[in-house]
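Fold and contact review
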Amino acid sequence: MDVPATDAEFVAEKIENGKEEGPLFKCDLSDSEFAHKIAQMFLPGLATACVDSTTGDIFKTPASVAVDLRKEMVEYLTQRSENFLAESVILEAGPDHPYDIVCDFVDDFATSKRNLFGRVSGWLLSEKREEKIDDFVQEMEINGFWLLDGREAIGHVLLKNVDFKNAFHCNRKFMSAEGLAEHVCHCSFRPMACTNGSCNARFCASQLEKHDSVCPFKIIPCEQKCSDSITRREMDRHCITVCPMKLVNCPFYALGCQSTLPCCMIEQHCSDTIHFHLLYVLQVLHKEASEDDLKRRVEQLEQAASSSWLAEAREVRSLTSKVKDLEAKLGPIEAHIKNKDSEENVEISNISNALDEAHINEDSQERMGASKLVNASGEAESLNMLLLTLFSSTCW
């Protein structure tokens, strides 16, 4: 059964104070963005109450009780918000933020409508119950059962009743209608709409600067300092795709040029560093040539063609093609290939000489040690002869 389309909007009447102190004119403006946030919780709360109150009832559906429960819900929330200050003094506990306070009111109402079968099934089949609630919320939105404007009007009333710190609504009072009218034009809670492109956000005047700093539709200068101005939501895509100031590697990065520069500076870079780019290309084409030969070849290429013509090649393939065309006219490169065999022979010779010197040093050390031993043994023999002579003379 579809949700009834009649009585689509239900707007709560403004709550008047019981006592009036003279002809006072009160400013009834409040934070539009916050009232919108409160209004967003009404449909899920109503859907929960409708589903839980009809669970297990074969004669009723959530849609059939939606109108009556909506009226009952508004009356319940209004009464609870009017008595909130007294309740908070008695309980001395609970949330103090308006959103949390209203959220508790909605939860309490939904809980009070849960029948016995709904309590059991909600505990045993919680996932299926959540799916029914979500489906019924979508059904009410599609059929326009409770329009957002009506819900926001109730949100403003509830917000004024529970915002005892006056953080989200204006509590100014005036003695004349003229004074009130003048104040409304400058009140920090006056409603405003974003003027940035397709943005349809609504907020109070005090939140204008905050919203403007994060609005995805605001047009701002490029973060990479290019001349373009784009919306904040498109900034990341612009910076990594088409922005001329996007940092890129040099086209000859793979050959050895390690420069990183803005995309718009590639042409100037290739013109300024054409000498080095030619050298990188020649190192690939003539791997056996010495560095001096390659440098001379670069000079020949630069003399054979203008640097500007060569710099027009902004990628490896095109510059290599131009170098090959010029070399076909200049002839083969006069390369002095290094003689690896001679280098190896020289290295072997040096190692051999080092080994010979080491052997010579070892032989000289051994000879010196032997001579010392010989001298020591001779001295010992002479001493023995002297002692023997003295002993013989003593005996005689």
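Residues numbered from 1 in each chain as written. Predicted model: local features only at pLDDT ≥ 70, side-chain atom pairs only at ≥ 80, totals over all residues. Heavy atoms only, no water.

If you check an unreviewed UniProt entry, the chain appears there as TRAF-type domain-containing protein from Carpinus fangiana.

Here we come to the packing of aromatic side chains. Following the criterion strictly, the structure yields six aromatic pairs and no others. Consider the rings of Tyr76 and Phe109, whose centres lie 5.6 Å apart with planes at 45 degrees: the pair is tilted. Taken together, the positions of Tyr76 in helix α3 (residues 62-82) and Phe109 in helix α5 (residues 98-112) put the pair 33 residues apart, joining distant regions of the chain. Relative to Phe105, the ring of Phe84 lies with its centre 6.3 Å away and its plane at 70 degrees, an arrangement referred to as edge-to-face. (Phe/Tyr/Trp six-rings, centres within 6.5 Å; stacked < 30°, edge-to-face > 60°. Helix = DSSP H or I, 4+ residues; strand = E, 2+ residues; numbered from the N terminus.)

Another point: a negative patch on the surface. Judged by side-chain charge, Glu127, Glu131, Asp134 and Asp135 come together as a negatively charged surface patch. Mapped onto the secondary structure, Asp135 falls in helix α7 (residues 126-143). Residue Asp135 is classed as partly exposed on the basis of its relative accessible area, which comes to 47%. (Patch = residues over 30% accessible without salt bridge, like charges linked within 9 Å, V, L, I, M, F, W, Y side chains within 5 Å. Areas by Shrake-Rupley, 256 points an atom, 1.4 Å probe, with all protein chains shown as cover. Salt bridge = Lys/Arg side-chain N within 4 Å of Asp/Glu carboxyl O. Lys, Arg positive; Asp, Glu negative; His and termini not counted. Charge placed at Lys NZ, Arg CZ, Asp CG, Glu CD. Buried < 20%, exposed > 50% of the residue type's maximum accessible area, 1.4 Å probe, protein only.)

In terms of nonpolar packing, the biggest core is built from 34 residues, with Phe42, Leu46, Met73, Val102 and Trp146 touching the most fellow members. Where this core is concerned, the elements lending two or more residues are α1 (32-39), α2 (42-54), α3, α5, α7 and α8 (148-162). If sequence neighbours within four positions are ignored, Phe42 has contacts with Met73, Leu77, Val102, Val106, Trp146, Arg151, Ile154, Gly155 and Leu158. Membership of the second largest hydrophobic core comes to 23 residues, among which are Leu261, Leu301, Ala313 and Leu319. (Core = buried A, V, L, I, M, F, W, Y, C linked by side-chain atoms within 4.5 Å. Contact = heavy atoms within 4.5 Å.)

On to the side chain of Thr273. Counting through the fold element by element, Thr273 comes out in the loop between α12 (266-272) and α13 (274-285). Given a relative accessible area of 16%, Thr273 falls into the buried group. Within the structure, Thr273 has its side chain in polar contact with the backbone oxygen of His269 (distance 2.6 Å). (Polar contact = N/O pair within 3.5 Å; in protein donor to acceptor, adjacent residues only side chain to side chain.)

Mapped onto the elements, Leu319 comes out in helix α16 (residues 316-330). When the C-alpha atoms of Leu319 and His277 are compared, they prove to be 8.5 Å apart, with 42 residues separating the residues in sequence. Setting aside its immediate chain neighbours within four residues, Leu319 contacts Phe252, Ile274, His277, Leu278, Val281, Leu310 and Ala313.

Here α3 spans 29 Å end to end across 21 residues, near enough to the 30 Å set by a 1.5 Å rise per residue. At Asp68, α3 shows its strongest bend, of approximately 35 degrees. For α3, the full list of buried residues reads Ala63, Val65, Ala66, Leu69, Arg70, Met73, Val74, Leu77, Thr78, Arg80 and Ser81. (Expected span 1.5 Å × (residues − 1). Bend = angle between axes of the 7 residues up to and from the residue.)

Before going further, it helps to spend a moment on the packing of α2 against α5. Taken N-terminus to C-terminus, the directions of α2 and α5 make an angle of 15 degrees; their axes are 8 Å apart at the nearest point. With respect to α5, the element α2 is oriented roughly parallel. Two packed elements cross with a definite hand, and for α2 against α5 that hand is right-handed. Along its contact with α2, which presents Phe42, Gly45, Thr48 and Ala49, the element α5 presents Val102, Val106, Phe109 and Ala110. The residue makeup of the contact of α2 with α5, split by class, is six nonpolar, two polar and no charged. (Axes fitted to C-alpha atoms, helices over the stretch in contact; angles between N-to-C directions. Parallel < 35°, antiparallel > 145°, perpendicular 65-115°, else oblique. Left-handed = near helix turned anticlockwise from the far one by under 90°. Nonpolar A, V, L, I, M, F, W, Y, C, P; charged D, E, K, R; others polar.)

In the structure shown here, the tally under the stated rule is 13 salt bridges. One salt bridge connects Arg129 with Glu130, and the closest N-O pair in it is separated by 3.2 Å. You can call Arg129 buried: its relative accessible area is 13%. Here Glu130 falls in the partly exposed class, since its relative accessible area comes to 39%. Among the charged side chains, a salt-bridge network with shared partners connects Asp52, Arg114, Arg129 and Glu130.

With that settled, consider unusual backbone geometry. Of note, Asn166 is a non-glycine position whose phi angle comes to about 55 degrees, a positive value. Its location among the elements puts Asn166 in the loop between α8 and β2 (173-174). By relative accessible area, Asn166 is classed as partly exposed at 31%.

Along the chain, the position of His286 falls in the loop between α13 and α14 (291-304). For His286 and Ile333, which are 47 residues apart along the polypeptide, the C-alpha to C-alpha distance reads 8.6 Å.

Looking at where Glu267 falls in the secondary structure, it is placed in helix α12. Separated by 44 residues in sequence, Glu267 and Ala311 place their C-alpha atoms 7.9 Å apart.

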